[in-house]
Amino acid sequence: MNYISTRNKSLGISSAEAIKKGLSDDGGLFVPSSFPSLSSSEIESLVNLEYIERAKYVLKKFLTDYTDEEIEKCVNSAYGNSKFGEGDVVSLHKLSDNVSILELWHGPTCAFKDVALQILPHFLTEAMRKTGESKEIVILVATSGDTGKAALEGFKDVDGTRIAVFYPNDGVSDIQKLQMVTQSGKNVFVSSINGNFDDAQTGVKTIFTDDNAKKTLFENGFTLSSANSINWGRLVPQIVYYVSAYCDLLKNREISMGDKINVCVPTGNFGNILAAYYAKKMGVPIAKLICASNRNDVLTDFIKTGEYNKNREFYTTISPSMDILISSNLERLLFDISGCDDELVKSLMNKLSESGKYVLNDDMKAKISELFYGGCCDDTETKAQIADTFKKYGYTIDTHTAVAVNVYEKYVSETGDKTKTVIASTASPFKFSDSVLTAIGENIDGKDDFELLEELCGKSNMPIPKSLKELKNKEQRFDGVCEKSDMLGEIKTFLNI
Ligand SMILES: *Cc1c(COP(=O)(O)O)cnc(C)c1O
């Protein structure tokens, strides 16, 4: 199977090449030239397997230039050594008759991004070997909080790689910041920038398309790659857990083979929900994809009207990993539903970068509203949802998951649709203890982050994740702040060039 670019479908490169490059030279994103399918009997054959085995099966369908042994090695290294705690890599928590919560945050940084970022470095080092790469790979990351830490954990001390992470000064939680600035590893660099997440992401994208910068790096023995969710190696492991969730529902006899389910995802860069769409495209019986946003509701409007317009106020919310106005992975969806029309995608993306907006044609608009439901909620509703879910079900959710649960409930009251639904839970509540505790009515005045962890542990009856508890004794290694125009300079300093 070849990989093509959303802005040039005549390209044909291997998945190893696509993972190594991250972003195509034409500015487009890599996608498979054709989609593998998953039949009912294949899904049934996965039901009694563990996550690790399900992952191997699905990944082999996409990374066809990797040998079976290579994929097995990558999967075993990423998921096999209890990096995801005692249980399975992900787990389903039954909330009510119709709703199961897909807990994706059992990994080392307590967010769903671990599922992809623990395995990406292994895909990448295999890719380097397979393509005869002699340069050292520099991973550049713009983060709204969780990606940065998850990428740092995944790449720290991986031979042949360096990693530089930029996060917005004023848009990540205290714990998220602490997780990043205390990062260990000899190949890591962390800096905050004066700006928001979109500034950081635009800065990274600019460097990726700057020929001069790339040439300088190249001459000094480096080549750039991305661990943002624009990298195919980030996206493909996420498809697995939607397949796996369907298998678990079958296993628990919540559904019978072929029954459709809905999937609801708290969305920022559109990566996680796109993976659910891809699972549906492969053949997992998924009906509606419910796209949940916080007050930054650009996607809600887009799904309702067919117009994407990022010219609106940017809000900093209590679900910071979703504070995004440019959802990069949407480009892959546009490519798919336009029937792989690379020229059309290119023109829409040009409009987006020139005027901050574009409008879909009627055909694409109709497809989007058939596939997706879009909804949003503000911080007040998010907190009310945390309280409500806690009271009703005795189950504690983080702010991002709460956005999804809230939008799911809006969807149900609008449509009356009682289809069994899987809601993606993207972060541990302990990552956002202050917001969660306030939401359930606790007074947090004067308490530090670690006292809050203890308090939440008492309230929720959930254990404090080890990696968060340990932050207390870690030394701060990075305190730099840079202007968004100076990100390249920072990288050069880090690389000693
Ligand atoms: C990254 C993130 C999201 C958004 O996921 P996308 O793939 O960017 O849509 C949601 N919740 C949490 C906790 C995250 O870290």
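Note that the structure is predicted; figures quoted are calculated from it, not measured. (Residues numbered from 1 in each chain as written. Predicted model: local features only at pLDDT ≥ 70, side-chain atom pairs only at ≥ 80, totals over all residues. Heavy atoms only, no water.)

Brief notes about the packing of aromatic side chains
In total, this model carries 19 aromatic pairs according to the counting rule given. For the ring pair tyrosine 3 and tryptophan 232, a centre distance of 5.6 Å and an interplane angle of 55 degrees mean the geometry is tilted. One end of the pair, tyrosine 3, is in strand E1 (residues 3–5); the other, tryptophan 232, is in helix H11 (residues 232–251), with 229 residues separating them in the sequence. A relative accessible area of 0% places tyrosine 3 in the buried class. (Phe/Tyr/Trp six-rings, centres within 6.5 Å; stacked < 30°, edge-to-face > 60°. Helix = DSSP H or I, 4+ residues; strand = E, 2+ residues; numbered from the N terminus. Buried < 20%, exposed > 50% of the residue type's maximum accessible area, 1.4 Å probe, protein only.)

Focus on the site of the ligand
Around the ligand lies a shell of 15 residues, among which Lys113, Asp146, Gly268, Asn269 and Thr426 are the nearest. The separation between an oxygen atom of the ligand and a polar main-chain atom of glycine 268 is 2.8 Å. Contact distances for the ligand include 2.8 Å between a nitrogen atom and a side-chain N or O atom of threonine 426. Across the complex, the protein chains shield 98% of the 380 Å² of accessible surface that the ligand would expose by itself. (Near = heavy atom within 4 Å. Polar contact = N/O pair within 3.5 Å; in protein donor to acceptor, adjacent residues only side chain to side chain. Areas by Shrake-Rupley, 256 points an atom, 1.4 Å probe, with all protein chains shown as cover.)

Here's the deal with the sheet that holds strand E15 (residues 421–425)
Taken in spatial order, the 6 strands line up as E4-E5-E15-E10-E11-E14 in an open sheet, and their pairing is mixed. Sheet topology places strand E4 (91–94) and strand E14 (372–376) at the edges, where each strand pairs with a single neighbour. The mean angle between the axes of side-by-side strands here comes to 25 degrees, regardless of whether they run parallel or antiparallel. Lying over the sheet, helix H12 (residues 271–282) contacts strand E10 (261–266), strand E11 (286–293), E14 and E15, oriented at roughly 175 degrees with respect to E11. Running over the sheet, helix H18 (residues 399–415) touches strand E5 (99–103), E10, E11, E14 and E15 and is turned about 125 degrees from E11. (Pairing = 2+ DSSP bridges. Axes fitted to C-alpha atoms, helices over the stretch in contact; angles between N-to-C directions. Contact = heavy atoms within 4.5 Å.)

A look at the domain arrangement of the chain
By domain assignment, the chain separates into domain 1 (27–79 + 114–232 + 478–495) and domain 2 (93–102 + 242–432). Of note, the centres of domain 1 and domain 2, computed from C-alpha atoms alone, are 23 Å apart. Tallying the contact residues gives 37 residues for domain 1 and 31 residues for domain 2. At the boundary of domain 1 with domain 2, total buried surface from both sides reaches about 2,900 Å², with 60% on carbon and sulfur atoms. When the buried area of domain 1 at its contact with domain 2 is split by residue, Phe35, Ile43 and Arg54 rank highest and sum to 18% of it. (Domains from an automatic or database assignment. Buried area = accessible area lost by both parts, 1.4 Å probe.)

What to know about the environment of lysine 149
Looking at where lysine 149 falls in the secondary structure, it is placed in helix H7 (residues 146–155). With a relative accessible area of 6%, lysine 149 lands in the buried category. Residues lysine 149 and lysine 177, spaced 28 residues apart in sequence, show a C-alpha to C-alpha distance of 8.7 Å. Excluding residues that lie within four positions of it along the chain, lysine 149 makes contacts with Thr109, Gln179, Met180 and Gln183.

Comments concerning the side chain of aspartate 323
Its location among the elements puts aspartate 323 in the loop between strand E12 (307–309) and helix H14 (330–337). For the buried aspartate 323, no salt bridge is present, and the opposite-charge side chain at shortest range is arginine 295, 9.6 Å distant. There is a polar contact of 2.8 Å between the side chain of aspartate 323 and the side chain of asparagine 294. If we skip the residues at most four places from it in the chain, aspartate 323 touches Phe197, Asn294, Asn296, Phe314, Tyr315, Thr316 and Thr317. (Lys, Arg positive; Asp, Glu negative; His and termini not counted. Salt bridge = Lys/Arg side-chain N within 4 Å of Asp/Glu carboxyl O.)

Digging into the packing of helix H9 (residues 197–208) against helix H22 (residues 487–495)
In the contact formed by H9 and H22, the axes pass within 10 Å of each other and the chain directions differ by 65 degrees. Taken as axis vectors, H9 and H22 run roughly perpendicular relative to one another. Residue-level contacts link Ala200, Gly203, Val204 and Ile207 of H9 to Met487, Leu488 and Ile491 of H22. For the contact of H9 with H22, a count of residues per class yields 6 nonpolar, 1 polar and no charged. (Parallel < 35°, antiparallel > 145°, perpendicular 65-115°, else oblique. Nonpolar A, V, L, I, M, F, W, Y, C, P; charged D, E, K, R; others polar.)

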